[in-house]
Amino acid sequence: SAVISQKPSRDICQRGTSLTIQCQVDSQVTMMFWYRQQPGQSLTLIATANQGSEATYESGFVIDKFPISRPNLTFSTLTVSNMSPEDSSIYLCSAGDTYMNTEAFFGQGTRLTVV
Amino acid sequence: EDKVVQSPLSLVVHEGDTVTLNCSYEVTNFRSLLWYKQEKKAPTFLFMLTSSGIEKKSGRLSSILDKKELFSILNITATQTGDSAVYLCAGRPRTSGSRLTFGEGTQLTVNP
């Protein structure tokens, strides 16, 4: 099983600023995923982070708002740009292997509050 | 578009009760269904189900998948206050990098 270290654990940010969330996996993984969980709702996939290429974004999410980096097979970052109160959510990263049908591992999550 | 629906959305029981949580799914090229428990932020893994009719069990929790009816249930027997959490189910396809589609979750509250 993989262990994912996600930071920061929580942050309170001013509107209009940006926050970068980092996830470090203790082993190489093919795929990393970024989810958002708005208050009282379930997890919604933002994008899939691919090593060596641009991230693949889900409908309703765009690169300008949520730029993602994946410089190697153990690390990824998600930036929440030009934040507004509507961006207040829990952000979670997850890792998995494309070809192995195993559980998906999650980071500890980042609770973001935009004021 | 893949879809996962859970019911009930919330449930309040007393310690010692048995609960059944439901999950129906429509996942193109389905591979597996996963159950997670979420207490604070990070979901913790409970079960992964790939084959129909084979019950997975861990202590007081058990789960089973029906691939014909596109349905799964999670049972918790002799509930305890520590079982209070949101229970999430998620469908995984064979393609698309194994990303998960989550249901809305069931908020379980176990009162003493």
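See the structure above.
All of the points below concern the structure found in this document. As the structure is a prediction and not an experimental result, all values here were calculated from the model.

## Quick notes on the sheet that holds strand β1 (residues 4-7) of chain A
Strand pairing in a sheet is mediated by backbone hydrogen bonds. Such pairs are either parallel or antiparallel.
Residues and elements named next belong to chain A.
Alright, step 1. Strand order in this open sheet of four strands is β1-β3-β8-β7, and the pairing throughout is antiparallel. For this open sheet the edge positions go to β1 and β7 (68-72), each flanked by a neighbour on one side alone. Each strand of the sheet is rotated relative to its neighbour by a mean of 15 degrees, with strand direction disregarded.
Alright, step 2. Judged from the six bridges that link them, strand β3 (residues 19-25) and strand β8 (residues 75-80) form a sheet pairing that is antiparallel. Looking across to β8, one finds that Q24 is bridged to F75.

## Digging into the nonpolar core
All names here are of chain A.
Alright, step 1. One finds W34, I46, F66, I68, L78, Y91 and L112 to be the most contacted residues of the largest nonpolar core, which totals 27 residues.
Alright, step 2. Of the residues forming this core, the biggest block, four residues, is contributed by β3.
Alright, step 3. In contact with F66, not counting residues within four places along its chain, are R36, I46, Y57, F61, L78, T79, V80, D87 and Y91.

## Quick notes on the pattern of salt bridges
All names here are of chain B.
Alright, step 1. Applying the stated criterion to the full structure yields three salt bridges over all chains.
Alright, step 2. Residue E39 is joined to K37 by a salt bridge in which the shortest nitrogen-to-oxygen separation is 4.0 Å.
Alright, step 3. The exposure class of K37 is buried, given its relative accessible area of 14%.
Alright, step 4. Across the pair D83 and R60 runs a salt bridge, and its minimum N-O distance is 2.8 Å. Pair noted here: D83 is in the loop between β8 (71-76) and β9 (85-93) and R60 is in the loop between β6 (56-58) and β7 (61-66), with a separation of 23 residues, a long-range link.
Alright, step 5. D83 gets classed as buried once you look at its relative accessible area, which sits at 5%.

## Some thoughts on the pairing of strand β11 (residues 106-111) of chain B
Residue and element names in this part refer to chain B.
Alright, step 1. With burial as the criterion, only one face of β11 is covered, namely that bearing T106, L108 and V110; the residues Q107, T109 and N111 on the opposite face remain uncovered.
Alright, step 2. Relative to β11, strand β2 (residues 10-14) runs parallel, the two being bridged by five bridges. Residue pairing for β11: H14 is matched across the bridge by N111.
Alright, step 3. Across three bridges, the pairing between β9 and β11 is antiparallel. Its bridge partner lying in β11, V86 is registered against Q107.

The rules behind these values
Residues numbered from 1 in each chain as written. Chains lettered and ligands numbered in written order. Predicted model: local features only at pLDDT ≥ 70, side-chain atom pairs only at ≥ 80, totals over all residues. Heavy atoms only, no water. Pairing = 2+ DSSP bridges. Helix = DSSP H or I, 4+ residues; strand = E, 2+ residues; numbered from the N terminus. Axes fitted to C-alpha atoms, helices over the stretch in contact; angles between N-to-C directions. Core = buried A, V, L, I, M, F, W, Y, C linked by side-chain atoms within 4.5 Å. Buried < 20%, exposed > 50% of the residue type's maximum accessible area, 1.4 Å probe, protein only. Contact = heavy atoms within 4.5 Å. Salt bridge = Lys/Arg side-chain N within 4 Å of Asp/Glu carboxyl O.

It is worth stressing that arrangement in space is one thing and function is another; only the former is reported here.
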